[in-house]
There are 4 protein chains.
Amino acid sequence: MRLPETKVLRDPIHGYVQIQEEVIWKLIDTPEFQRLRRIRQLGGDLEVYHTAEHSRFAHSLGVYEICRRVVNEVPGVKETLSLLEQKAVLCAALLHDLGHGPFSHCYEDISKTSHEDITQWLILNRDGQVFQVLAKEDPALPKLVTDILAHRSGCPLAEDLISSQLDCDRMDYLLRDAYCTGTSYGSFDLERVLRTLRVKDGILCVKRSGMHSVEDYIMARYQMYWQVYLHPDAAGYELLVNAFFERYAKLRQKKQNRVALLEPIYDCIFDPRRFYLLDDFSVLSGINQAQFANDPVLADLAERIINRRLLEWKNESDLPNGPAAIQMLLDQMEQADFDPELYFHRQTLRLDEYLPYREENSIPIRILDQEGGQEALKNLSACSTVVKALLEMKETEITRLYFPKELKWPEQR
Amino acid sequence: MRLPETKVLRDPIHGYVQIQEEVIWKLIDTPEFQRLRRIRQLGGDLEVYHTAEHSRFAHSLGVYEICRRVVNEVPGVKETLSLLEQKAVLCAALLHDLGHGPFSHCYEDISKTSHEDITQWLILNRDGQVFQVLAKEDPALPKLVTDILAHRSGCPLAEDLISSQLDCDRMDYLLRDAYCTGTSYGSFDLERVLRTLRVKDGILCVKRSGMHSVEDYIMARYQMYWQVYLHPDAAGYELLVNAFFERYAKLRQKKQNRVALLEPIYDCIFDPRRFYLLDDFSVLSGINQAQFANDPVLADLAERIINRRLLEWKNESDLPNGPAAIQMLLDQMEQADFDPELYFHRQTLRLDEYLPYREENSIPIRILDQEGGQEALKNLSACSTVVKALLEMKETEITRLYFPKELKWPEQR
Amino acid sequence: MRLPETKVLRDPIHGYVQIQEEVIWKLIDTPEFQRLRRIRQLGGDLEVYHTAEHSRFAHSLGVYEICRRVVNEVPGVKETLSLLEQKAVLCAALLHDLGHGPFSHCYEDISKTSHEDITQWLILNRDGQVFQVLAKEDPALPKLVTDILAHRSGCPLAEDLISSQLDCDRMDYLLRDAYCTGTSYGSFDLERVLRTLRVKDGILCVKRSGMHSVEDYIMARYQMYWQVYLHPDAAGYELLVNAFFERYAKLRQKKQNRVALLEPIYDCIFDPRRFYLLDDFSVLSGINQAQFANDPVLADLAERIINRRLLEWKNESDLPNGPAAIQMLLDQMEQADFDPELYFHRQTLRLDEYLPYREENSIPIRILDQEGGQEALKNLSACSTVVKALLEMKETEITRLYFPKELKWPEQR
Amino acid sequence: MRLPETKVLRDPIHGYVQIQEEVIWKLIDTPEFQRLRRIRQLGGDLEVYHTAEHSRFAHSLGVYEICRRVVNEVPGVKETLSLLEQKAVLCAALLHDLGHGPFSHCYEDISKTSHEDITQWLILNRDGQVFQVLAKEDPALPKLVTDILAHRSGCPLAEDLISSQLDCDRMDYLLRDAYCTGTSYGSFDLERVLRTLRVKDGILCVKRSGMHSVEDYIMARYQMYWQVYLHPDAAGYELLVNAFFERYAKLRQKKQNRVALLEPIYDCIFDPRRFYLLDDFSVLSGINQAQFANDPVLADLAERIINRRLLEWKNESDLPNGPAAIQMLLDQMEQADFDPELYFHRQTLRLDEYLPYREENSIPIRILDQEGGQEALKNLSACSTVVKALLEMKETEITRLYFPKELKWPEQR
């Protein structure tokens, strides 16, 4: 049902987030969605860009807003999607991150459940408020929303909008992360991209005249990977968090050093009341308390996380005497009583795994081009020489070594 | 001691926060200061402007950066302040918000201690890391920093920079709150203000040519008051939080419904280890848990706070039949079993208490003007007709009534 | 007629200017409108803010775009205006500045014709392309457009959009001038203003919740007056231009020192072919040539204009010995052979003539308020204490004295 | 000589342009430099991005400001450059575009003189004011400034700052053109680039940690080429201007259709008084007048330029029947009496000629890296996989056909 008057939420990226459908307004008010106020968009990056304190709540509303504009402004979308599908894709945009736990990947490891699976459960759980709001609007809606999110809806256009190499999710987070970190890297020309999107044969594509804007978007993604998301100190923070939970799990099995706030991590799944209690705020408070745990190693790791005593790091390639130096470092650690499993990390990043765009094993971005006076869909790399060059990038890797700042790297500087 | 190389933190408002002194770098790394990452700058405003999720950590660094620029760029400051005073004023800028508790004013009410007093204690506590960092730099520094913050340093210029009607604190929060809410209201021309600041007879003042920029800054403050800080829904959220803690305190006296996470509120004072645990994250997590408390009123209030079920409000002046309607509302509340002490609120705002600038009972902003070929300090209102008009604004007040959305305002619309 | 596809022009203020009607697209292509590329928005201000090089072409497109958004987005506009009136108001927005000559006010003085009268003539001239484009769309259009511009259309809503205290013209130029000067003074929240505009009883008004945004817009106007439009050096430049044309006219009567490029100023009126040749570019080129004129005074004035040798100025109130000093200055001028009629100027600005808003002798901005449960229109000053204070500002004036930099102000400094 | 107080000019890109040296302040006031107010930065691009109306005056001040910041902020610059060289490089930054004529390349073709040569002449001409200001500051300055501009100063660092693949010129124009067009393509993180610049062995280089910012800058350049500078309609406008001057030259030889305003193009060289009269304003005014020339072809070309009746264009590769279609088009042109030399153009762009960065036949950007614990300079492409991929881009070309809109492309669509 249409709201009698558009409701708006102020947003620095989009000016306003505009709510026109009652179902969207009610979804925002569910406890499942309000919980996202307490789940942050970025993790360790916050240790490098201290102003990037934004939540998945703000991001999810932004994804919804971009999707709303696509549905309303891009020629062909309303013709391709049924009214129910239009509603469903907007709901999917809003809800796509619903299942994220605290310290995202870390929680997935512990719970052995992907956030996508939890999202599905949260939407389909008949006792949940999200389900009830969706089902009241249309009984077919909960399933359709989860089908779009899981790429089994049979509606490729809707799925492309939510999760593809040019989707509303990426568009919002690039712009939002750039805004909140105070960097310009993630900026691209959203208005131009929106103006050149088209639908051809039921597939989302970009007019030839918008190709350069898409290149720009891809380069924005590349920059955000290397300047923000893969920053060595961000990764170092997450290594500390992982080490903390490894130690905690070990002690937990011996029923030692339990912290009440951290327990929902281990038992909340599929219990919505417990799940609402599980967020970055409570887990960070738990780690904060763990500074006073009996186990000195757990307490030490907690203290490093809370007070930003990050690990030191070096690029392995910068070390002339790598293996020997590593051994000397490990010797130092033994003497200083640091468990290398928790305090020493060798992390390799393969550049080709962080390509901002790929066509192999992925659905390419399509360009709507003219060929012999006829419209034709082409892969982006067939039109853009820059993107073609990117895809031919030779595989390279970076290996970083992490260790406590207290130790000295064994070499003259 | 000067750092060998300036260290920088990215910031969307200032480009970079530049750290040149070792003492500043070390203060940032103390647990007392890192705790500010978990204390938010805004409270109920976040319910209206959902993107305003920034912490006092980011703000404090911003205040420091503006202060650093004033010390380095404004002619006369380095000539007026000794080297120790220069260092102290930078430390004071960084640390001025150190004592803020969760839900700022709410915590001050419960603890019956102002955040200024806690700040003083945190800085002067010999066991604290802040004290040790300061004292190691110079034994006189802890006292001098607290004296500047408390306006008893005998150094008016340093005190003006930290707390006056044109101080680094206000300049940063106006710009930052505007940026994070996504509104333009708080914007003013910081560069121009900085360029026209001067020191005359040991007092901070503004060159005549910068007067309009100061007017602009004052109007920015006015706009932020009325569009953000005093927004009816922001105030409504804080009324709910107050009601929650009122109920909690009542039950607590009977030793009922205690929530472990909330207890530090009542006993952390002057125990730094406990104080580090006290922040918005832990208290919100505690309120979150209180949704499942035995007491149904406490649980209801918690649920409204967590899930943003705010109170409804009306301007009393818009009600033709005010008193009668209020009585009918109270009758409804009794029937529906709402305790009016917790669920009905009548809040009056006097506009003259929220003037963005005043000269009565306050130190005016001074303009450095020419008079008969000579420099002279004048009060801002003596130069600016706009500010003069503002100060002559007749007293007005707004009264708002708050009540649960479930009730119907007893009138035909 | 609707265009088959919306055409867009990139614009830094509005993102895109969107053209949906064929008549607008064709008007942009007329020589009358293209001429505005060579007429600048600002005059002497450019001597202070050197980046403010934008033309009335860009501004006119911006006014059109704001008007287009109002027609499409503000509830009640389409219901109030007939289809023809909607088209006419868009055309009027686009064409409102068509008759501006070079050095705007200066040209009006010389030609003894207001730019509004020339605009009317350009639109109604049956041989002009603007007339033909309009008449082809609808024979009634040329007259309706000029009637709206001249406030005699009988359609107050359309007239308000083009010329009132809250019109599309002012909204665009404040934002654009701020952007191009690089100052933030003129910024206000256009999105919020647009969202709170309403139509009540055929009159444009602002919802109560948008009142603070309107205050902000009025203060932006105030700041632009005093920081940009009335800057002493901007005024000084215009005094030089006036002096140049005074001298030129005097010589011209004697048939001396004629510059071909400047002649259209005196004889282009009501001859469109001549009028197309009359713009800032040709007149500045003419003044440039006049540096090499035989008359040394004309050449000197030209050289000062072209090479930015502006007049010196002082505030009369800053001078303890005003009248005596002025006399000594005039004596100096006589000795140095400066004609005081051309080189000495005493300019008085009355602040109440540059109020950013007024209700006396003007149609007030209306606020749509609730009163006793009913909607009612109120004057802005009845709602806003800040605006009320502004209107009560006591009359003040500033007098500035201008004279050549070569002279020394006769006093010790 | 240092100015007693820093003078500032407001600028939207840099906040303020700061003038600290008297010689810079006086250079700005010379007629040679003030003339740049009447030379635009962009040519045909203005027909596509109508708001890009900025002059080389604003740009030159911006280049100076970036250079000033490099000299003051980048470690090693002041140690490497003598005081005179520091002054000279600032003057060179300010004056580097002094010799640009109207319609830049077009004027170079007609005058058969590069703008660089004219700049040299303007600076070294002993009667010119620029020479006098420079020589008064230091007799060696005029020669040193021209030597830096001509890459024969023997001071590579100074030359790199003015003209290299990472120079102050490009940095300013990318940011400024992006700002004025209202696109974001040209944006890159100037602050970050400035913070990571270093000097090693007398050569300007970039710290490894700034490498991604340099990639971003290179991609900004790439985007500006393809979205702005090489836009088909911008090129089409310049083809019209070239055709106009070809026709004008032909008639001129026969002493026909002379336009006084255009004559300085042919005879101003090395006569400064004439040169001051030669700018975009006067030449555009001349073309404007040429609309009324006797020669109908000249008049037609003038009218197309002034009223933006651009040529139509097609990508040759989009035409299935290219050669046949071209022939039919030429036939049409003959019938319609269009001279194909003036009205038909086939323009080929080779992508490898518009690479945003190259290392072959160019001095590469150098990265300051660690190798075996030692600092080492490496070529950018040796560090950046993205740049390496760009350099390996296979040669591609685009061919566009231009012809009057009146003709129909001979094919069914």
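Residues numbered from 1 in each chain as written. Chains lettered and ligands numbered in written order. Predicted model: local features only at pLDDT ≥ 70, side-chain atom pairs only at ≥ 80, totals over all residues.

Asks: Just to check I follow, could you spell out the domain arrangement of chain A for this structure?
Replies: Where the parts come together, the accessible area they lose is often given as the size of the interface. Residue and element names in this part refer to chain A. Partitioning chain A into domains gives domain 1 (2-196) and domain 2 (231-310). Across the boundary between the two partners, domain 1 contributes 22 residues, which contact 21 residues of domain 2. Among the elements that line the side of domain 1 that touches domain 2, the one with the most residues is helix H6 (residues 104-111), at 4 residues. Tallied by class, residues from the side of domain 1 that touches domain 2 come to 9 nonpolar, 7 polar and 6 charged. (Domains from an automatic or database assignment. Contact = placed C-beta atoms within 7 Å. Helix = DSSP H or I, 4+ residues; strand = E, 2+ residues; numbered from the N terminus. Nonpolar A, V, L, I, M, F, W, Y, C, P; charged D, E, K, R; others polar.)

Asks: Honestly, the sheet that holds strand E3 (residues 197-200) of chain D in this entry has me stumped. Any pointers?
Replies: Backbone-to-backbone hydrogen bonds join strands into a sheet, with any given pair of strands oriented parallel or antiparallel. All names here are of chain D. An order of E3-E4-E7-E8 is seen for the 4 strands of this open sheet, with the pairing classed as mixed. The open sheet has two edge strands with one neighbour each: E3 and strand E8 (374-379). Averaged over all adjacent pairs, the angle separating strand axes in this sheet is 50°, with direction ignored. Note that strand E4 (residues 203-207) and strand E7 (residues 366-371) share 2 bridges and pair parallel. Looking at E7, one finds that Lys207 is bridged to Leu368. (Pairing = 2+ DSSP bridges. Axes fitted to C-alpha atoms, helices over the stretch in contact; angles between N-to-C directions.)

Asks: It is not clear to me how the confidence of the model for chain A should be interpreted in this structure. Could you clarify?
Replies: Predicted coordinates in areas of low pLDDT are best not read in detail. When the pLDDT values of chain A are averaged, the result is 93; 99% of them are 70 or greater. Reported confidence for the predicted complex is 0.95 by ipTM and 0.95 by pTM. (pLDDT = per-residue confidence, 0-100.)

Asks: Teacher, can you tell me more about the packing of helix H3 (residues 56-73) of chain B against helix H5 (residues 83-95) of chain B here?
Replies: Any two packed helices are characterised by how steeply their axes cross, that is the angle between the axes, and by the distance between the axes. Residue and element names in this part refer to chain B. With their axes 7 Å apart at the nearest point, H3 and H5 run at an angle of 155° to one another. Judged on the interaxial angle alone, H5 and H3 are roughly antiparallel. You can see that H3 and H5 cross each other, and the crossing is right-handed. On H5, the residues touching Ser60, Val63, Tyr64, Cys67, Arg68 and Val71 of H3 are Gln86, Val89, Leu90, Ala93 and Leu94. When grouped by side-chain class, the residues that make up the contact of H3 with H5 number 8 nonpolar, 2 polar and 1 charged. (Parallel < 35°, antiparallel > 145°, perpendicular 65-115°, else oblique. Left-handed = near helix turned anticlockwise from the far one by under 90°.)

Asks: Sorry, what's going on with the interface of chain D and chain C here?
Replies: Residue-level contacts link 34 residues of chain D with 34 residues of chain C. Those elements that provide at least two residues to the side of chain D that touches chain C are strand E1 (2-11), helix H2 (31-34), helix H3 (56-73), helix H11 (168-181) and helix H17 (280-290) of chain D. Tallying contributions element by element places H17 of chain D first for the side of chain D that touches chain C, with 6 residues.

Asks: Looking at this structure, how should I read the interface of chain D and chain A?
Replies: Each side of the interface is counted separately: chain D has 27 residues, and chain A has 27 residues. Going through the elements one at a time, helix H13 (211-229) and helix H22 (385-391) of chain D are the ones with two or more residues in the side of chain D that touches chain A. Here the residues of the side of chain D that touches chain A sort into 10 nonpolar, 11 polar and 6 charged.

Asks: It is not clear to me how the relation of the copies chain D and chain C should be interpreted in this structure. Could you clarify?
Replies: For these two chain copies, the linking operation is a rotation about an axis paired with a shift along it. The two copies are related by a screw operation: chain D maps onto chain C through 180° of rotation and 0.0 Å of translation along the axis, at an RMSD of 0.0 Å. Here the transformation between the copies is reduced to the relation of a two-fold axis. No C-alpha of chain D approaches the rotation axis more nearly than that of Phe281 of chain D, which lies at 2.4 Å. A high fraction, 100%, of the interface residues of chain D reappear at the interface in chain C, so the copies pair face to face through one surface. (Least-squares fit on C-alpha atoms with pLDDT ≥ 70 in both.)

Asks: Is there a simple way to explain the nonpolar core in this structure?
Replies: Side chains that are nonpolar tend, in soluble globular proteins, to be buried together. The biggest cluster of nonpolar side chains holds 251 residues, and the ones touching the most others in it are Val89, Cys91 and Val145 of chain B together with Val89, Cys91 and Val145 of chain C. Sequence-distant contacts of Val89 of chain B, that is, excluding residues within four places in its chain, are made with Cys67, Val71, Leu81, Ile148, Ala158, Leu161 and Ile162 of chain B. With 169 residues, the next largest nonpolar core counts Leu134 and Val199 of chain A together with Leu166 and Phe188 of chain D among its residues. (Core = buried A, V, L, I, M, F, W, Y, C linked by C-beta atoms within 7 Å. Buried ≥ 20, exposed ≤ 12 C-beta atoms within 10 Å, placed from the backbone.)

Asks: In this structure, what is going on with the pairing of strand E3 (residues 197-200) of chain B? I would like to understand it.
Replies: The two faces of a sheet get side chains in turn, since along a regular strand they alternate between them. Residues Leu197 and Val199 of chain B point to one face of E3 of chain B and are all buried, whereas Arg198 and Lys200 of chain B, pointing to the other face, are not buried. In textbook terms, the turn of a hairpin is the stretch between consecutive antiparallel strands, and for E3 of chain B and strand E4 (residues 203-207) of chain B this stretch comprises 2 residues, one of which, Asp201 of chain B, has a positive phi near 55°.

Asks: How do you make sense of the packing of helix H13 (residues 211-229) of chain A against H13 of chain D when you look at a structure like this?
Replies: Where H13 of chain A meets H13 of chain D, the closest approach of the two axes is 11 Å, and the angle between their N-to-C directions is 175°. Between H13 of chain A and H13 of chain D, the angle is such that the two are roughly antiparallel. Seen from H13 of chain A, the contacting residues are His212, Asp216, Met219, Gln223, Trp226 and Gln227 of chain A; seen from H13 of chain D, they are His212, Asp216, Met219, Gln223, Trp226 and Gln227 of chain D. Looking at the contact of H13 of chain A with H13 of chain D, its residues break down into 4 nonpolar, 6 polar and 2 charged.

Asks: What is the right way to look at unusual backbone geometry in this model?
Replies: Negative phi is the rule for most residues except glycine; trans is the rule for most peptide bonds. In this model, His151 of chain A sits at a positive phi of 60°, which is unusual for a non-glycine residue. For His151 of chain A, the position within the fold is in the loop between helix H9 (141-149) and helix H10 (156-162). Accessibility expressed as a C-beta count within 10 Å gives 15 for His151 of chain A, which makes it partly exposed. In this structure, Asp337 of chain D is a non-glycine residue whose phi angle is positive, near 65°. With respect to the secondary-structure elements, Asp337 of chain D resides in the loop between helix H19 (322-335) and helix H20 (340-343). We classify Asp337 of chain D as exposed; it has 9 C-beta atoms within 10 Å.

Asks: What should I look at first to understand helix H19 (residues 322-335) of chain B in this one?
Replies: An α-helix turns once per 3.6 residues; consequently, residues spaced three or four apart project the same way. Compared with the 20 Å implied by 1.5 Å per residue over 14 residues, the 20 Å span of H19 of chain B between its first and last C-alpha is a close match. Trailing H19 of chain B by a residue or two, Asp337 of chain B shows a phi angle of about 70°, which is positive. (Expected span 1.5 Å × (residues − 1).)

Asks: Please explain the relation of the copies chain D and chain A as it appears in this structure.
Replies: Each copy of the sequence occupies a distinct position, and chain D is placed on chain A by a rotation of 180° and an axial shift of 0.0 Å, giving an RMSD of 0.0 Å. A symmetric contact is evident, with 100% of the interface residues of chain D recurring at the interface of chain A.

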